[in-house]
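Residue-level listing of the chains:
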Amino acid sequence: MSILVYISNVNGKIKKQSLELTSYASAMSKSTALDVCGVVIGDIEDSALDELGKYGMGKILKAVDAQFNNRVNRVYTRIVEQAARQLNAQYILFPDNNEGKAIAPRLSARMSAGFVPQVMGMPNSYEPFVVSKRAFTGKALARVEVQTKVKILSPMFNSFGLIEFPKELLIEAFTPEIDEPHSRLNIINRNLNEGTISLADAEIVVSGGRGMKSGEHFSMLEALSATLGGAVACSRPVADAGWRPADEHVGQTGKIIAPNIYFAIGISGAIQHVAGVSGAKCIVAINSDPEAPIFDVADYGMVGDAFKIVPELIEAFKAHLSDHS
Ligand SMILES: Cc1cc2nc3c(=O)[nH]c(=O)nc-3n(C[C@H](O)[C@H](O)[C@H](O)COP(=O)(O)OP(=O)(O)OC[C@H]3O[C@@H](n4cnc5c(N)ncnc54)[C@H](O)[C@@H]3O)c2cc1C
């Protein structure tokens, strides 16, 4: 019997979320004595998977077929289901991202398995199985009891962290039986953001709001983000105005992120915005209005003009980083 981790394969690379999910599964295996296994789909070198052993992965089923490189959620669901049945998985873990959101509910229906998205922290108990999840756009935690034999969980990114549980890793080829067309769609072109840290993976996020006045002024936030090795995000009006791409918008109707540090710069802190970042470990707010609601949720606040403070911060961080390099 096992705990099965769905390993996201992005162009032959694994995401940090998969390392965190593996740590999470390894912590669960301490309480359940179940083996930690994984399934990965599409072209990927074994060497790209080795790191998972460091976090407690014992075995990976690797489903490689050129047809699997175009992700078709219906087919991926069938593959994970077959892997789960082969490994007698009691728990199946998905990342809380678009992939998890597309596959986990389908799998839940196919396997009659209870599914809990947006899981926060480790299970509260195993008999009965109770786990906490985000509720009411992050304003509350709900404790959920799952009564089905197989349970599917999507832990929130960065809600657990990376913990090493070194294990010898075995990678096995896996040939699922797919008796339906792999795709009814032809993907003609894919445009990927190369060389940037994705918002979901970023440990530091530098986010700007309407207080930045225009899209051009975001170059300042890009410079701060580059200095710190982070990613840039924005509030919804900024994306709506076309100052930044729509996929950078965080909040209730955008991405939900939980970085270690979230810089909210020229952002008022409306409840719909905070809903997307309340999981951040530390919020640093820069706002010229001392009454801005963002200061109610910020761990550190600077009252003042972002156009003066941000360049000074960049210089200070650069000096600090060069002293410590
Ligand atoms: C159903 C619904 C869903 C929504 N979903 C989202 C969502 O997912 N994400 C989201 O972000 N919003 C969402 N909104 C919009 C949300 O209610 C707010 O309108 C929005 O978050 C405000 O964006 P902002 O903070 O950038 O702008 P503003 O509220 O205009 O705030 C700008 C801030 O910049 C400060 N400022 C101005 N000049 C400077 C300066 N020079 N230096 C420093 N600070 C300065 C101001 O003091 C102010 O606090 C949603 C709204 C609704 C109704």
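It should be emphasised that the depicted structure is a prediction, and the values quoted were computed from it without experimental measurement.

**Q** Teacher, can you tell me more about the overall build of the protein here?
**A** Scanning the protein from terminus to terminus reveals 9 helices and 17 strands. Since a compact globule built from 325 residues should have a radius of gyration of about 20 Å, the 21 Å found for the protein is in line with a globular shape. With respect to the principal axes defined by its C-alpha atoms, the protein has extents near 60 × 45 × 40 Å. Out of the 325 residues belonging to the protein, those deemed buried represent 52%.

**Q** Got a minute to help me understand helix H5 (residues 218-228) in this structure?
**A** Structurally, the α-helix is built with 3.6 residues per turn, so residues lying three or four positions apart point the same way. Listed as buried for H5 are Phe 218, Met 220, Leu 221, Leu 224, Ser 225, Thr 227 and Leu 228. Contacts from the buried residues of H5 go to strand E13 (204-208), strand E14 (231-234), helix H6 (236-240), strand E15 (261-265) and helix H9 (306-323). Two residues or fewer past H5, Gly 229 is found with a positive phi of approximately 70°.

**Q** Looking at this model, I keep getting lost on the pairing of E14. Mind explaining?
**A** Each regular strand carries side chains that alternate between the two faces of the sheet. Of the two faces of E14, the one lined by Ala 231 and Ala 233 and the one lined by Val 232 and Cys 234 are each fully buried. By the bridge criterion, 4 bridges tie E13 to E14 in an arrangement that is parallel. In the sheet register, Val 206 faces E14, and the bridge partner there is Val 232. Considered for its hand, the β-α-β crossover made up of E13, H5 and E14 is right-handed.

**Q** Looking at this model, I keep getting lost on the site of the ligand. Mind explaining?
**A** Taken together, 26 residues lie around the ligand, and Arg 210, Lys 213, Ser 235, Ser 268 and Asn 287 are the ones closest in. A distance of 2.9 Å separates a nitrogen atom of the ligand from a polar backbone atom of Val 250. Between the ligand and Ala 306 there is a distance of 2.9 Å, counted from a nitrogen atom to a backbone nitrogen or oxygen. Expressed as a share of its isolated accessible area of 990 Å², the protein-covered part of the ligand is 75%. For the shell around the ligand, the secondary-structure elements that each account for two or more residues are H6, helix H7 (271-274) and H9. Partitioning the shell around the ligand into residue classes produces 6 nonpolar, 15 polar and 5 charged.

**Q** Looking at this model, I keep getting lost on the side chain of Glu 248. Mind explaining?
**A** Here Glu 248 shows up in the loop between H6 and E15. Side-chain polar atoms of Glu 248 contact the side chain of Arg 244, separated by 2.7 Å.

**Q** Would you mind showing me how to read the UniProt feature "binding site: FAD" (unreviewed entry) in the protein here?
**A** UniProt's feature table lists "binding site: FAD" (unreviewed entry) at Arg 210, Ser 235, Arg 236, Gly 266, Ile 267, Ser 268, Gly 269, Ala 270, Ile 271, Gln 272, His 273 and Asn 287, given in the numbering used throughout. Summarising the element assignment, Gly 266 is placed in the loop between E15 and H7. Ignoring sequence-local partners within four residues, the contact set of Gly 266 consists of Gly 209, Arg 210, Gly 211, Ile 286 and Asn 287. Relative to the elements of secondary structure, Gln 272 occurs in helix H7. Overall, Gln 272 belongs to the partly exposed group, its relative accessible area being 44%. Among all residues touching Gln 272, those that are not within four sequence positions of it are Gly 251 and Gln 252.

Rules and cut-offs
- Residues numbered from 1 in each chain as written.
- Predicted model: local features only at pLDDT ≥ 70, side-chain atom pairs only at ≥ 80, totals over all residues.
- Heavy atoms only, no water.
- Helix = DSSP H or I, 4+ residues; strand = E, 2+ residues; numbered from the N terminus.
- Rg over C-alpha atoms; globule rule 2.2 N^0.38 Å.
- Buried < 20%, exposed > 50% of the residue type's maximum accessible area, 1.4 Å probe, protein only.
- Contact = heavy atoms within 4.5 Å.
- Pairing = 2+ DSSP bridges.
- Right-handed = clockwise from strand over helix to strand, strands pointing away.
- Near = heavy atom within 4 Å.
- Polar contact = N/O pair within 3.5 Å; in protein donor to acceptor, adjacent residues only side chain to side chain.
- Areas by Shrake-Rupley, 256 points an atom, 1.4 Å probe, with all protein chains shown as cover.
- Nonpolar A, V, L, I, M, F, W, Y, C, P; charged D, E, K, R; others polar.
- UniProt positions renumbered as here; feature names shortened; annotations may be inferred.

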